[in-house]
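Working through the structure, step by step
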2 protein chains.
Amino acid sequence: MKAIILSLTIAFSTATSAAPTLLVTEDALATFSASEQTPNLFDKAYQKALARVERSMKEGIVVPVPKDPGGGVTHERHKENYKIIHDAGVLYQIDGNPEYAEHVYKMLDAYADMYPGLPLHPERKNQNTKSDGIGAGKLFWQGLNEAVWLVYTIQGYAAIADTLSSDARQKIETQLLRPVADFLSIESHQTFRRIHNHATWSAAAVGMTGYALGDQALVDRAILGLDGDRKTGFLAQMEQLFSPDGYYTEGPYYQRYALMPFVVFAQAIDNNEPDRRIFEFRNAILPKAIDATIQLSYKGKFFPINDAIREKGLNTIELVYGLSIAYGLTQAPELLSIAELQGTTVLTGEGYALAKAVDEGKAKPFQFKTTLFRDGEHGNQGGLAVLRMGDSPDAQTLVVKNTSQGFGHGHFDKLSYQLYDGGNEIITDYGAARFLNVPSKDGGRYLPENKTWAKQTVAHNTLVVNETSQFKAKWREAQKYWPTIDFFESDADVNVVSSTMENAYPGVVFNRTLLQLKLPNTAAPIVVDLLRANSEKAAQFDLPLYFDGQLVQLSGDLKMNTQQVNVLGNNDGYKHLWVDGQGKLGDSLAQYTWLNHKSFYTAHVRAPKGSKVVLVRTGANDPNFNLRNQQGFIFRAPEKQKSASFVSVIEPHGIYDPAAEFTADSSSQIQLVEHVAVEAVDLIKLTFKKGETVVVALAKDADKSASHKVNFQGKNYQWKGFYQVFRQ
Amino acid sequence: MKAIILSLTIAFSTATSAAPTLLVTEDALATFSASEQTPNLFDKAYQKALARVERSMKEGIVVPVPKDPGGGVTHERHKENYKIIHDAGVLYQIDGNPEYAEHVYKMLDAYADMYPGLPLHPERKNQNTKSDGIGAGKLFWQGLNEAVWLVYTIQGYAAIADTLSSDARQKIETQLLRPVADFLSIESHQTFRRIHNHATWSAAAVGMTGYALGDQALVDRAILGLDGDRKTGFLAQMEQLFSPDGYYTEGPYYQRYALMPFVVFAQAIDNNEPDRRIFEFRNAILPKAIDATIQLSYKGKFFPINDAIREKGLNTIELVYGLSIAYGLTQAPELLSIAELQGTTVLTGEGYALAKAVDEGKAKPFQFKTTLFRDGEHGNQGGLAVLRMGDSPDAQTLVVKNTSQGFGHGHFDKLSYQLYDGGNEIITDYGAARFLNVPSKDGGRYLPENKTWAKQTVAHNTLVVNETSQFKAKWREAQKYWPTIDFFESDADVNVVSSTMENAYPGVVFNRTLLQLKLPNTAAPIVVDLLRANSEKAAQFDLPLYFDGQLVQLSGDLKMNTQQVNVLGNNDGYKHLWVDGQGKLGDSLAQYTWLNHKSFYTAHVRAPKGSKVVLVRTGANDPNFNLRNQQGFIFRAPEKQKSASFVSVIEPHGIYDPAAEFTADSSSQIQLVEHVAVEAVDLIKLTFKKGETVVVALAKDADKSASHKVNFQGKNYQWKGFYQVFRQ
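What you see is a predicted model, and the numbers here were worked out from it, not measured in a lab. Here the residue numbers are simple positions, counted from 1 along each chain's written sequence. By the order in which they are written, chains take letters starting at A while ligands take numbers starting at 1. Local features in this predicted model are restricted to residues of pLDDT 70 or higher, and side-chain atom pairs are both shown and tallied only at a pLDDT of 80 or more, whereas totals for entire chains, interfaces and linings draw on every residue. Excluding hydrogens and water, the side-chain figures rest on all heavy atoms present in the structure.

Residues and elements named next belong to chain B. Turning to helix α10 (residues 216-224), its buried residues number three or more, namely Leu218, Val219, Arg221, Ala222 and Ile223. Those residues of α10 hidden inside the fold are in contact with α7 (166-187), α8 (189-192), α9 (197-213), α11 (234-240) and α12 (252-272). Two N or O atoms count as a polar contact when they lie within 3.5 Å, although within protein this holds only if one can serve as hydrogen donor and the other as acceptor, and sequence-adjacent residues are included solely when both atoms are side-chain atoms. Helix and strand assignments follow DSSP, with helices taken as H or I runs no shorter than four residues and strands as E runs no shorter than two, numbered in order from the N terminus. Sitting at the head of α10, Asp215 places a side-chain oxygen 2.9 Å from the backbone nitrogen of Ala217. A 1.4 Å probe rolled over the protein chains alone gives each residue an accessible area, and that area as a share of the maximum for its type sets the label: buried under 20%, exposed over 50%, partly exposed in between. What makes two residues a contact is simply this: any of their non-hydrogen atoms within 4.5 Å.

One frequent convention defines the size of an interface as the accessible area lost when the parts assemble. Note that the domain bounds were set by an automatic or database domain assignment. When the domains of chain A are assigned, the result is domain 1 (1-218), domain 2 (241-367), domain 3 (371-667) and domain 4 (669-728). A straight line from the C-alpha centre of domain 1 of chain A to that of domain 3 of chain A covers 44 Å.

This brings us to the relation of the copies chain A and chain B. Fitting of the copies onto one another was done by least squares over C-alpha atoms, counting residues only where both copies have pLDDT of at least 70. Screw-axis analysis of chain A against chain B gives a translation of 0.1 Å along the axis, an RMSD of 0.1 Å, and a rotation angle of 180°. Interpreted geometrically, this transformation is the action of a two-fold axis. It is A:Val565 whose C-alpha, among those of chain A, lies nearest the rotation axis, at 2.6 Å.

Another aspect to go through is the side chain of B:Lys414. Residues and elements named next belong to chain B. Looking at the element boundaries, Lys414 is found in the loop between β5 (396-402) and β6 (416-421). Summary of buried charges: Lys414 has no salt-bridge partner, and the nearest side chain of opposite charge, Asp413, is 5.5 Å away. Within the structure, the side chain of Lys414 is placed 3.3 Å from the side chain of Gln405, a separation counted as a polar contact. The contacts of Lys414, once residues within four sequence positions are left out, are Lys401, Thr403, Ser404, Gln405, Thr462, Gln470, Phe471, Tyr481, Trp482, Pro483, Met501 and Phe510. Only four residue types enter the charge count, namely Lys and Arg as positive and Asp and Glu as negative; His and the chain termini do not. Any Lys or Arg side-chain nitrogen located within 4 Å of an Asp or Glu carboxyl oxygen qualifies as a salt bridge.

Let us now look at helix α10 (residues 216-224) of chain A. For α10(A), the elements touching its buried residues are α7 (166-187), α8 (189-192), α9 (197-213), α11 (234-240) and α12 (252-272) of chain A. Phi turns positive, to about 100°, at A:Gly225, one or two residues after α10(A).

Time to look at the packing of aromatic side chains. Residues and elements named next belong to chain A. Stacked, tilted and edge-to-face are the three classes applied to pairs of Phe, Tyr and Trp rings, where Trp contributes its six-membered ring and a pair requires centres within 6.5 Å; stacked means planes under 30 degrees apart, edge-to-face means over 60, and tilted covers the rest. For the structure shown, the criterion picks out 58 aromatic pairs over all chains. For the pair Tyr253 and Tyr254, a centre-to-centre distance of 4.9 Å together with 80° between the ring planes defines the contact as edge-to-face. Here the two residues Tyr253 and Tyr254 agree in accessibility, since each one is buried. Seen from their ring centres, Phe633 and Phe635 are 6.0 Å apart, and the 20° between their planes marks the pair as stacked. An identical accessibility class is assigned to Phe633 and Phe635; each is buried. Feature note: the residues Phe547, Tyr592, Trp594, Tyr601, Phe633 and Phe635 constitute an aromatic cluster, connected by ring pairs. Charge-over-ring contacts are defined here by two conditions on Lys NZ or Arg CZ: a distance within 6 Å of the ring centre and an angle within 35 degrees of the ring normal. Directly above the ring of Tyr253 sits Arg256, whose terminal nitrogen or CZ lies 4.6 Å from the centroid. The positively charged end of Lys715 is found above the aromatic ring belonging to Tyr717, 5.5 Å away from the centroid.

The next thing to look at is the sheet that holds strand β18 (residues 590-596) of chain B. Note on sheets: strands pair through backbone hydrogen bonds, and any given pair is parallel or antiparallel. Residues and elements named next belong to chain B. DSSP-based pairing: two strands are paired if at least 2 bridges between them are found. Taken in spatial order, the eight strands line up as β9-β10-β11-β12-β22-β19-β18-β14 in an open sheet, and their pairing is antiparallel. Single-partner strands in this sheet number two, and they are β9 (484-490) and β14 (550-555). Sheet twist, expressed as the mean angle between neighbouring strand axes with direction ignored, is 15°. Axis geometry follows a simple rule: fit a line to the C-alpha atoms, using only the stretch in contact for helices, then measure angles between N-to-C directions, giving values from 0 to 180 degrees.

Take the pattern of salt bridges next. Under the defined criterion, the tally for this structure stands at 67 salt bridges over all chains. Linking A:Arg310 and A:Glu425 is a salt bridge whose minimum nitrogen-to-oxygen distance equals 2.3 Å. Taken together, the residues A:Arg310 in the loop between β2 (301-302) and α14 (317-330) and A:Glu425 in strand β7 (residues 424-427) connect sequence positions 115 residues apart. Here B:Asp529 ties to B:Arg512 by a salt bridge, and the two come within 2.8 Å at their closest N and O atoms. Taken together, the positions of B:Asp529 in strand β12 (residues 526-539) and B:Arg512 in strand β11 (residues 508-517) put the pair 17 residues apart, joining distant regions of the chain. One salt-bridge network, held together by shared partners, links A:Arg52, A:Arg55, A:Glu80 and A:Asp87.

Residue-level contacts link 50 residues of chain A with 49 residues of chain B. Here's the idea: put two parts together, see how much 1.4 Å probe accessible area each one loses, and the total over both is what we call buried area. Where chain A abuts chain B, roughly 4,300 Å² becomes buried across the two surfaces, and 52% of that area is made up of carbon and sulfur atoms. Among the residues of chain A in contact with chain B, A:Gln550, A:Phe625 and A:Glu661 are the three that bury the most area, contributing 16% of the side total. In this structure, the connection of chain A to chain B is made through zero salt bridges. The tally of links from chain A across to chain B stands at 18 residue pairs in polar contact (both at pLDDT 80 or more). Sorting the residues of the side of chain A that touches chain B by element identifies α4 (73-95), α12, β14 (550-555), β16 (564-566) and β24 (662-664) of chain A as the ones contributing at least two each. A total of five residues in the side of chain A that touches chain B trace back to one element, the largest contributor, which is β14(A). Gly is put with the polar residues, along with every residue not named as nonpolar or charged; the nonpolar set is Ala, Val, Leu, Ile, Met, Phe, Trp, Tyr, Cys and Pro, and the charged set is Asp, Glu, Lys and Arg. Looking at the side of chain A that touches chain B residue by residue, the classes come out as 23 nonpolar, 16 polar and eleven charged.

Written out as C-alpha cells, the structure reads:
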C-alpha cells in the first residue's frame with residue numbers, strides 16, 4: 001500500500017486495546033500493510049474513496065440542518081456525509097494518515113452538536129404515503145435513510161475511535177451514536193419490531209453500534225429483538241424474510257437492497273462473535289440469498305418485476321458488499337467474473353482477497369442456472385421460475401412470476417412472464433413508474449402512475465378478467481393467496497413450469513404452462529405458452545403481451561388507427577393505453593413479427609374463436625409524461641364466456657445486420673400452430689415451413705405417473721406424466 | 001502464415017507471367033509467406049474468409065437463375081457468391097491451396113454457362129422507382145449490384161487466372177467477365193456516362209476487368225469514359241463527385257458507399273499504372289475523402305443526414321477497405337484506432353501492415369476536428385459544419401446541415417442541425433424510413449414513408465413555412481440552390497457557424513447562427529441557436545425540435561392530450577405527426593427538460609410573441625407501422641407574420657445514475673434567456689441561477705471588420721466583427 005501503517009497494529013490489536021472491529025479485521029490490516037502491489041479492483045475502490053475524502057477535506061465540514069426531501073440538497077448532503085465518514089475511516093485504517101481520522105472526528109463532532117436538538121424531519125409527511133406505519137427520520141425524511149446513515153457512520157467511527165480522547169468519544173457516543181441507535185429502535189419501535197427490510201437496516205445499525213460501543217445490550221437488541229425474545233430482530237428476519245431458496249418475497253430489486261444490512265451486519269457479527277456461526281444459520285441462508293440475487297439478473301440487470309427501477313443491476317453497492325462476503329466464505333472463482341462486471345470492490349479484507357484473485361486471473365464464468373426460487377418463509381407460497389437454456393450471460397431466459405404478492409411493492413400479475421434472448425429483453429415487464437431522485441418527478445418517489453398503471457394487471461403479460469386487476473389491486477388481500485406450482489422440470493432441451501392460480505378473481509381459476517424448447521431447426525429456443533382460464537360466471541378475458549422492438553410483419557387482421565387514437569378503457573390501468581390498432585383474430589392463427597436489435601421474433605397466437613386483438617401503447621392519461629412508451633398486444637376473448645384458452649408460441653429467428661447489409665430469415669420458420677384440447681390433455685402442434693412438426697402434449701393433471709393417450713389428426717400420441725414433446 | 005506458398009511467387013512474378021495484379025501485390029504475397037505470426041485483425045479477416053469458403057466448398061456450387069428482389073433468396077445467393085469467389089481467390093493467393101482455386105473456377109464456370117442466356121432481371125420494375133434512369137441488372141434487379149458483383153468477382157478471377165487452362169480462361173472471359181463489363185458500360189451507357197456513385201461502381205468493375213484481362217481499352221473506357229474524352233468515367237467522377245474538402249454531396253451514408261469503388265479501383269490503378277499517381281490526383285482527393293468519411297461520424301456511426309440507415313458506421317466493409325488504403329499511404333497511427341473499432345481488416349498487403357501495426361501497439365486516438373466540409377465540386381455550394389468541443393469520441397458534436405441538396409437522396413432540410421453529447425444523440429435526425437433487406441418491409445427498399453415523412457422539412461430541425469416543405473419537396477428544383485456560409489470560426493471555447501438560405505420558399509430568406517459555447521459553469525458546452533426568417537408575404541413559421549429522451553420537467557404552458565390524440569396536419573409530413581400536447585408560448589421563456597441516458601438536457605426557447613408549442617410524435621397515418629417513434633416540439637409563430645425569430649439554448653446538465661442511486665442537477669442551471677434585436681444586432685442574454693450572465697452578441701452582418709455598439713439593460717456592449725461573447 002502507498003503509506004505505512006503507523007500505530008495501527010497496536011491500535012487494533014485486541015490484546016492491547018478495546019478498539020472495535022466491524023468489517024475490517026486486524027488480519028486484513030496486516031495484509032494491506034504487507035502488500036507491495038494493490039490489486040486493481042481494490043485500488044479502484046481506494047482511489048474513489050480517496051477522491052471523495054480529499055474533496056471533502058478541501059470543502060470542509062458541511063452538516064446542514066435537515067430540510068429537503070429525497071433528491072434535495074440536505075438529503076444528498078447527509079448521504080454524501082456518511083460515505084465520507086465511512087471512507088475516511090477506512091482510509092485511516094489503510095494508510096494511517098491522522099488527517100483522515102481527524103476529518104471523521106470533526107464531522108462526527110458537528111453531527112453531535114446538531115443531533116440532540118433535531119425534531120422529526122419537516123418533509124416526513126411528503127414521503128411516499130405508507131399505509132404500513134414506516135416511521136420518519138430526523139436527518140432524513142425516512143427513518144430508513146437514517147438507519148443507512150448509521151450503518152456507514154458507525155464503521156467510520158469504529159475505525160478512528162482509538163485516536164480520540166475519552167471526552168471526544170463520550171460526546172460523540174452520548175450525543176450522536178447512541179441517540180440515533182435509540183431513535184431507530186426504542187423510539188421507532190413499530191418499525192424496529194417489523195419483519196421487513198427497513199427493520200433489518202435498523203437492526204444492522206443498532207447492532208453494529210453495539211459492537212463499536214462495546215455495548216452487548218445494544219447488540220442483543222438488534223439480534224434478538226427489542227423484547228429479547230427472538231420474535232423480532234435480526235435472527236427473526238433471517239428466518240422469515242427469505243424463502244428456503246434465498247428468495248426475497250418483494251423481488252430482486254428489493255432483494256438487492258434488503259441484502260446489504262444482512263450481509264454487512266452478519267459480517268460484523270462473525271468478526272465479533274464467530275461462535276454464533278451466523279453464516280451457517282438456517283442452512284446458510286445468507287450465502288444462498290447472495291447467490292440468488294445474482295441469479296435473478298440478466299446481462300447484469302435485475303429482472304424488473306414488482307416496483308423495480310429497471311436500471312438497477314449487479315453493480316450496485318449492496319451486491320459489491322455481498323459479493324466480497326460470499327467470496328470470503330467460498331473462494332468460488334465464478335464469483336470473480338461478477339466482480340469484474342462490477343468493476344470495483346469494497347475496502348475490506350474480503351474485498352482485497354477478491355481483487356487479488358481477479359488480478360491473478362482466477363475468474364471463471366458465473367453459472368446461471370434454471371431454478372425455481374420458491375417463495376415464502378417455508379417455501380410454499382409459489383415461486384419465481386427462471387428458465388435458462390444455456391449458462392452464458394446471453395442465453396435465452398424465461399422468467400415466470402408464480403410468486404406470492406410481495407407486500408406493498410408487489411404488482412398484481414400472477415402467472416405473468418418475461419422473456420430475454422440474445423442479450424435483450426424481448427417480452428417485457430414495465431417495472432416501476434419512478435425516476436429515482438429526480439426532484440421534478442415527485443422528488444424521485446413512486447409516481448401516481450405506479451399505482452394507476454405499473455402495478456395493475458393489464459400492465460403485465462398475464463390474464464385480466466373483466467378489465468379489472470387481480471385482487472382488485474388490493475395488496476393486503478393479495479397477500480393471502482399465491483399460485484400452486486404444479487410442475488417444474490429442467491432438461492438440456494426443455495424447461496417446463498406449470499402453475500395454477502385461484503382467488504385472484506372471484507370464481508376464476510387459471511393455469512399457465514410455459515415450455516422453453518430447444519429445437520434443431522430454430523435459431524434459439526422457442527417458448528410455448530398455454531394459458532387456460534375458467535370462470536363460474538361468464539366473463540371477459542384479456543391477455544396482454546408486451547414486446548420490445550419494431551413491428552415488421554403481421555398476418556391476420558390488424559388495422560392501424562391512422563387519423564385518431566383513443567384510450568382503451570377507463571379503469572385499472574386501461575386508461576393509460578392508447579389503441580394504435582385493432583383487428584379480429586377469428587379462428588385462424590395470428591402471427592406478429594418484430595425486430596429487436598439484430599434478431600426477429602414472431603409471436604404465433606391462437607385465442608378463442610371470435611377473439612379480437614388490440615395493439616396498444618402506454619401514454620394515455622399521462623398529463624405529466626410520467627410513463628415510458630411501451631407497445632403490446634391485448635388478445636381479447638369474446639365477451640361473456642366461461643372459459644378461454646390462449647396458446648402463444650414465441651419464436652426467435654433470423655438476423656438483421658444493417659452494418660454488414662445482411663438480413664436472413666426475417667420471416668418466421670413456423671407455418672402453422674394448431675391447438676386441440678381433448679378431454680384431459682392439450683395438444684399444441686407446430687408445423688415448420690420445411691415440413692417438420694413438433695407436438696407438445698400437456699396433461700391437465702401434473703401427475704407424473706399418469707398415462708395419456710390421444711388421437712389427433714389420425715395419429716396416436718401416448719405418454720406418461722405431465723408432458724411430452726413429439727418431434728417428426 | 002499457415003501454409004506454404006506453392007508456385008505463387010512464380011505465378012505472380014510479373015517477369016515470368018502475365019498473371020494480373022489487382023489489390024494484392026507480389027510484395028504483399030512475399031510478406032504473407034515470410035510471416036511467422038499472423039497479426040490479429042488480419043487473422044480475423046482470414047478466418048472469416050476461410051469459414052465462408054469452407055462452408056461453400058461443403059455446400060457445392062449454387063448459381064441459381066436470378067428471380068428475387070433485394071433480400072430475396074437468389075439476390076442474397078449471388079451476393080454471397082461474389083464474396084465466395086473473392087475470398088477463395090485471396091485464400092488461394094495466401095495459402096496456395098489449389099482447392100480454393102478450383103472452387104473459384106467451378107463457380108465462375110457455372111456463371112459462364114448461365115450468363116449469356118440471361119434476360120434483364122424479372123424484378124427490375126419493382127426496384128425503387130428511379131426518375132433518373134438508373135438501369136436494371138441481369139443477375140440482380142439493379143445494375144448497381146451487378147457492378148459490385150464484378151468488382152469482387154474480378155479479384156477472385158485475377159487471383160486464380162494463372163491456374164486455368166487457356167480454354168477455361170477463354171470461356172470465363174468471353175462468356176462472363178467481358179459480357180458483364182460490356183453490359184455495365186456499353187449496354188448501360190446512360191448509367192455509365194453519369195457522374196454518380198453508381199457509375200463509379202461500374203467504372204471500377206470495368207477498369208479492374210481491363211487490368212485482369214490485360215485489356216487497356218477496357219481500362220481506358222473506365223478511367224476516361226465511354227467516349228474517351230474524360231468528360232465521364234473515373235477521373236471525371238473523382239473531379240466532380242467530391243468537394244475540395246472530400247465531402248460527398250449525398251452525405252456520409254452514401255459517401256461511405258461511394259468510397260468503396262473509388263478506393264478499390266484507385267489501388268488497382270496504382271498497382272498497375274503507378275505513373276498515373278492516382279492518389280495524388282486533385283490534391284489527393286481520395287485520401288481526403290477517406291479522412292472526411294471518418295470525421296463524419298459520432299461514436300462509430302455516421303451522421304444520419306439524408307437517406308441514411310442509422311446503424312451504418314465506421315465498421316462497414318467500404319471503410320475497412322478505405323482505411324487500409326489510407327494507412328498504406330500515410331502510416332498515420334491515428335488510423336489504427338479506427339481499425340481497432342472496426343475489428344477487422346482486408347486481406348491485402350495494406351491490411352496486413354495495418355494489422356501488424358495494431359498488434360505492435362502503435363494505435364493513437366483518432367483526432368476528430370471541428371471542420372466545415374464545403375459542398376459542391378468547387379466547394380461553393382454551402383457545406384456541412386461539424387462543430388466539436390474536444391477531440392474525444394464522446395465530445396459534444398453539433399452537426400449543421402448547410403449543404404446543397406445532394407440529389408435524389410437529399411432531404412429538404414436546409415439549415416437543420418443535430419446534436420450529440422456524452423456519447424449519445426440528443427437532438428435527432430430521423431434518417432431514412434427503410435429496413436435494409438427485410439422482405440416484409442418492401443424488400444428493404446425505401447418505404448413510402450421515406451418520401452411522405454423522412455424527406456419532408458417538418459421531419460427535421462429547421463424552418464417550415466406554411467406547413468409546406470422546402471422547394472415543395474422537389475429535388476431537381478432544390479438542386480439549383482444552396483445556402484451561403486456567412487461565417488465559420490472555431491476556437492477552444494467557442495465554435496460558430498452562420499448561414500443564410502434563399503429560394504427554399506418563394507420570397508422567404510432565413511438565416512441561422514449556431515454557437516457551441518464552453519462555459520465554466522455548465523457540465524458540457526451549451527448550444528445557442530438563433531433562427532431569423534423574413535417573408536415577402538405574411539406566412540406561418542414552424543420550427544421543429546426533435547429530441548431523444550424522457551421528458552422530465554417543463555415550465556410554461558403545455559397541456560398533454562390525455563383522452564384522444566389527433567394528427568397535426570394533412571400534407572408534407574404533417575400527417576405523420578400525432579399531437580401529444582400543446583400550449584401557448586406567450587411572451588415568456590419556455591423550458592423543456594429531458595433525460596437522455598445519464599444526462600439531462602434543457603431546451604430554453606424564445607419564440608415570437610403569441611407563438612404556440614406542439615408536442616408531437618411520429619406514427620400517425622402509418623398503417624404498416626413503418627415509422628419509428630420520435631418525439632419533438634414544434635414551435636409555431638403566430639399566423640400571418642412577415643418575420644419571426646426563434647432563439648433556443650440547449651443546455652446539458654446534471655447526472656442520473658440509478659445504479660448508484662445518485663442524481664444531481666436535474667434542473668437547469670440557467671434561469672433566464674432573453675433576446676433583443678436592436679438595429680443591426682441580436683443580443684441573447686443568459687442568466688444563470690447563481691447570478692452569472694453570458695451575453696452572446698451577433699451582428700446581422702458577418703463583416704469581420706465592422707464595429708458594433710449597443711446598449712441593453714443599461715449596459716454598453718461593444719465589439720468588432722460578427723460576434724462576441726460577454727461573460728460577467
